[in-house]
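# Analysis of the macromolecular model
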Amino acid sequence: MRKHFVGVTVKKVSSSRDCANPDCKKSFMPRVYNAIYCNAECRKIITNQKVLQRYYDKKARLNSRRTCLTKACGTRLSRYNEEDICEQCKRERFIMRLIGWGWSESKVRRDFE
Ligand SMILES: [Zn+2]
Ligand SMILES: [Zn+2]
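Predicted model, so just to flag it, every value in this text is computed and none were measured.

What follows deals with the overall build of the chain. The number of helices and strands found in the chain is 3 helices and 2 strands. Across the chain, helices and strands are ordered from the amino to the carboxyl terminus as β-β-α-α-α. Buried residues in the chain amount to 5% of all 113 residues. Residue pairs in contact within the chain that sit at least 24 positions apart in sequence constitute 7% of those at least 6 positions apart.

Structure representation (structure tokens):
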């Protein structure tokens, strides 16, 4: 199928692109404008890799002992905390944001105590 495309018209090559699968990188003619893989197989390989990568990233995050990134805080982060700072610092960040929006600092702090 589509064998007749192989090696035809040099003119058309200007619109061909390389497969986004680094193990393939085959030059191909996209059938749809946003195609980035030469075929469904390559797309499947990369998609699976991404899914796996996400899985491992998540696993690594859950298994690692993380501490709050705020300087001079160092609170151990809960494994359920998806961010890099602790609950306390998140609250502080939120307060600072409200103050940045024009809220009164004393009122905000009172409300959050
Ligand atoms: Zn490919
Ligand atoms: Zn913190």
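Here the narrative resumes.
Quick look at the packing of helix α2 (residues 87–100) against helix α3 (residues 105–112) now. Angle between the axes and distance between the axes are the two parameters that describe a pair of packed helices. Axis separation between α2 and α3 bottoms out at 9 Å; the angle between their running directions is 145°. Considering how the two elements wind past one another, α2 and α3 form a crossing that is right-handed. Contacts from R91, I95, L98 and I99 of α2 reach α3 at E105, V108, R109 and F112. For the contact of α2 with α3, the per-class residue count stands at 5 nonpolar, no polar and 3 charged.

What follows deals with the confidence of the model for the chain. Confidence in the prediction for the chain averages 86 pLDDT; 88% of positions are at 70 or higher. Low pLDDT, under 50, characterises residues 8–13; the stretch is placed with 1 contact to residues that sit more than four places away or in other chains.

On to unusual backbone geometry, then. Its identity is not glycine, yet K25 carries a phi of approximately 55°, on the positive side. Examined against the element boundaries, K25 turns out to sit in the loop between β1 (17–18) and β2 (27–28). Owing to 12 C-beta atoms within 10 Å, K25 belongs among the exposed residues under this scheme. Residues other than glycine seldom take positive phi values, yet A72 does so here, at roughly 65°. Among the structural elements, A72 can be located in the loop between α1 (40–63) and α2.

On to the environment of C42. As for its position among the elements, C42 is in helix α1. Put simply, C42 and A20 are 22 residues apart on the chain and 8.1 Å apart in space, counted from C-alpha to C-alpha. Not counting residues up to four positions away in its chain, the partners in contact with C42 are C19, N21, C24 and Y37.

Here the focus is α1. Each α-helix winds once per 3.6 residues, and so residues spaced three or four apart point in a common direction. Its 24 residues place the ends of α1 34 Å apart at the C-alpha level, agreeing with the 34 Å of an ideal helix rising 1.5 Å per residue. Of all 24 residues that make up α1, 1 are buried, and the element is exposed over most of its length.

Rules and cut-offs
- Residues numbered from 1 in each chain as written.
- Chains lettered and ligands numbered in written order.
- Predicted model: local features only at pLDDT ≥ 70, side-chain atom pairs only at ≥ 80, totals over all residues.
- Helix = DSSP H or I, 4+ residues; strand = E, 2+ residues; numbered from the N terminus.
- Buried ≥ 20, exposed ≤ 12 C-beta atoms within 10 Å, placed from the backbone.
- Contact = placed C-beta atoms within 7 Å.
- Axes fitted to C-alpha atoms, helices over the stretch in contact; angles between N-to-C directions.
- Left-handed = near helix turned anticlockwise from the far one by under 90°.
- Nonpolar A, V, L, I, M, F, W, Y, C, P; charged D, E, K, R; others polar.
- pLDDT = per-residue confidence, 0-100.
- Expected span 1.5 Å × (residues − 1).

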